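# Overview (structure and organization)
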Amino acid sequence: MRTLLAFTLLALSFAPQGQHAPFLGAWNMTGTGTNTGVVYWLNVTEEGGVVKGRFLNRASSPYDLSIIRIEDGELVFHVRDENTPQLRAKLVDGKLVGTTTTKRNDGTTRVIEWVGVRPPKWPATLNANGRHTYGAPVSLFDGKTMDAWGVQHTRNPMNWSVVMDGAQGVMTSAEKGGNNLVSKQTFQDFKLEAEFNVAPKSNGGIYLRGRYEMQVLDDAGQPLTPQSQMSIYGRTPPMVNASKPAGEWNTVEIIVVGNRVTATLNGQKVQDNAVIEGITGGALDANETEPGPLMLQGDHGKVAFRKVIVTPITRAGS
């Protein structure tokens, strides 16, 4: 039975030449109606006539799909296997228009409608290390209040507070149940200077434009992975592990220009004009060419910040 099922799935993954071509490539997918907070990313490829896919399911890292096929002009795939939500989509005026169907425990189903569009084509000349024009710095923490911040989950309490560390104010999330902070101001290209502290076994994230997470993690001395501290989360590991032990203050400078990022952690360059390949898990939206807020993740454990300064950049040549 398993052999027959495997053969069937393999056969379905083949498509007549030309049928699958319009689906190939990357897609940014956003929920419609009351589901605008649903954000996916998908990359469809073809190898030897076999359709393959790599998927970002809202809050995860991108992963390879085990079930994906094109049948009767429709793209069909499952989040993991046949027992997980199914996504189906057709091409309509160059967009991927589809649904996600989830089976509830009571036997009913939930259907989320979404639309996928192509990610932007970024200029090849973008360079986070270039000679840019810097504007006036914007401090998002004055050491006393958190007036510069709102929260992602508006139905939940903020669960951050300002505490004193000697003579310096620090904004810190709760041990559990911290919300994600979202800056009230939005930014396009910029330099971020931040000082942060991670509690033992905790993690968080700094989301550039609310879409690209630079991982914050207690991982001093650990091997590098796409989830290491200052990785472009789930996509690009840092070049070196420059993390300080939990409980010590880290200093980071991050420069983001278009889809390029350079990051220096505790004096060591960890990302060098790296290409941001797409949105990361937990992105607020997929409107990649638009300005977006800074988001500080506080719902994965205790983290603290005592400096958050954003300096806007005007791109060289613009």
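Above this note sits the structure.
### A few points about the overall build of the protein
Assigned secondary structure in the protein consists of one helix and 23 strands. Computed over C-alpha atoms, the radius of gyration of the protein comes to 21 Å, within 12% of the 20 Å expected from 2.2 N^0.38 for 318 residues, which places it in the range of a compact globule. Its C-alpha atoms put the protein at 70 × 50 × 40 Å along the principal axes. Out of the 318 residues in the protein, the part that is buried amounts to 46%. Across the protein, every contact between residues at least 6 apart in sequence was considered, and the portion connecting residues at least 24 apart equals 59%. When the accessible area of the protein is evaluated, it comes to approximately 15,300 Å², of which 51% is carbon and sulfur surface. Placing the 31 positive and 29 negative side-chain charges of the protein at their respective mean positions leaves the two points 1 Å apart.

### Some remarks on the sheet that holds strand E6 (residues 74-78)
Backbone hydrogen bonds hold the strands of a sheet together, and the pairing may be parallel or antiparallel. What the nine strands build is an open sheet, ordered E4-E3-E2-E1-E9-E8-E7-E6-E5; its pairing is antiparallel. The sheet is open, and its two borders are formed by strand E4 (63-64) and strand E5 (68-71), each paired with just one other strand. Here strand E8 (residues 95-103) runs beside strand E9 (residues 109-117); their pairing, made up of eight bridges, is antiparallel. What sits directly across from Thr101, in E9, is Val111.

### Regarding unusual backbone geometry
In the Ramachandran plot, Lys201 falls in the positive-phi region, its phi being about 65° despite a non-glycine side chain. For Lys201, a relative accessible area of 82% gives the class exposed. Within the chain, Met230 stands out as a residue other than glycine whose phi angle is a positive 70°. Looking at where Met230 falls in the secondary structure, it is placed in the loop between strand E18 (212-217) and strand E19 (249-257).

### A word on the environment of Asn203
Summarising the element assignment, Asn203 is placed in strand E17 (residues 203-208). Considering only alpha carbons, one finds Asn203 and Lys52, 151 residues apart in sequence, at a separation of 32 Å. When residues no more than four places from it in sequence are discounted, the contact partners of Asn203 are Val198, Gln215, Val216, Leu217, Gln297, His300, Gly301 and Val303.

### Brief notes about the packing of aromatic side chains
On inspection of all chains with the given rule, the structure shows six aromatic pairs. Here Phe55 and Tyr63 contribute two aromatic rings whose centre-to-centre distance is 6.2 Å and whose plane-to-plane angle is 85°, an arrangement assigned as edge-to-face. Just as Phe55 is buried, Tyr63 falls in that class too. Centre to centre, the rings of Phe196 and Phe305 are 6.0 Å apart; their planes meet at 40°, and the pair counts as tilted. Taken together, the residues span a long stretch of sequence, with Phe196 in strand E16 (residues 190-198) and Phe305 in strand E23 (residues 303-314) at a distance of 109 residues. Pair check on accessibility: Phe196 and Phe305 agree, each one buried.

### Topic: the sheet that holds strand E12 (residues 149-151)
Judged by pairing direction, the sheet is antiparallel, and its five strands sit side by side in the order E12-E15-E22-E17-E18 without closing on themselves. Both edges of this open sheet fall to E12 and E18, since each of them pairs with a single strand only. The average undirected angle you get between the axes of adjacent strands in this sheet is 30°. Bridge count between strand E15 (residues 181-187) and strand E22 (residues 292-297): four bridges; the pairing is antiparallel. Across the sheet, residue Thr186 finds its bridge partner in E22, namely Pro293.

### A short note on the pairing of E6
Across the five residues that make up E6, a large majority, five, are buried. Going residue by residue along E6, you find Glu74, Val76 and His78 tucked away on one face and Leu75 and Phe77 tucked away on the opposite face as well. Both E5 and E6 contribute to a ladder of four bridges, which runs antiparallel. Looking at the pairing, Ile70 lines up with Leu75 of E6. Between E5 and the antiparallel strand that follows it, E6, lie two residues; Asp72 among them carries a positive phi value of about 55°. Looking at chain direction, E6 and strand E7 (residues 86-92) are connected through four bridges and run antiparallel. Of the residues in E7, the one forming a bridge with Phe77 is Leu87.

Reading the values: the criteria
Residue indices begin from 1 for each chain and proceed along its sequence in written order. Local features in a predicted model are, by the rule used here, given only for residues with pLDDT of at least 70; side-chain atom pairs are given and counted only at 80 or more, and totals for whole chains, interfaces and linings are based on all residues. Hydrogens and water molecules were not included; the side-chain quantities draw on all heavy atoms of the structure. Comment: elements are numbered from the N terminus, with helices defined as DSSP H or I runs of at least four residues and strands as E runs of at least two. For this measure, only C-alpha atoms enter the radius of gyration; the expected value for a globule follows 2.2 Å times N^0.38, where N is the number of residues. Partly exposed residues are those whose accessible area sits between 20% and 50% of the maximum for their type, while under 20% is buried and over 50% is exposed, using a 1.4 Å probe and protein chains only. Note on definitions: a residue-residue contact is assigned when non-hydrogen atoms from the two residues lie within 4.5 Å. Here the open area of atoms and residues is found with the Shrake-Rupley method and a 1.4 Å probe, where only the protein chains shown may cover a residue. Only four residue types enter the tally: Lys and Arg on the positive side, Asp and Glu on the negative side; His and the chain ends are excluded. The atom standing in for a charge is NZ when the residue is Lys, CZ when it is Arg, CG when it is Asp and CD when it is Glu. Should DSSP find at least two bridges between two strands, the strands are taken to pair. Stacked, edge-to-face and tilted are the three classes for Phe, Tyr and Trp ring pairs, Trp counted by its six-membered ring, which pair at centre distances within 6.5 Å; planes under 30 degrees apart are stacked, over 60 edge-to-face, the rest tilted. The axes are straight lines fitted to the C-alpha atoms, using for helices just the contacting stretch, and the angles between their N-to-C directions are given from 0 to 180°.

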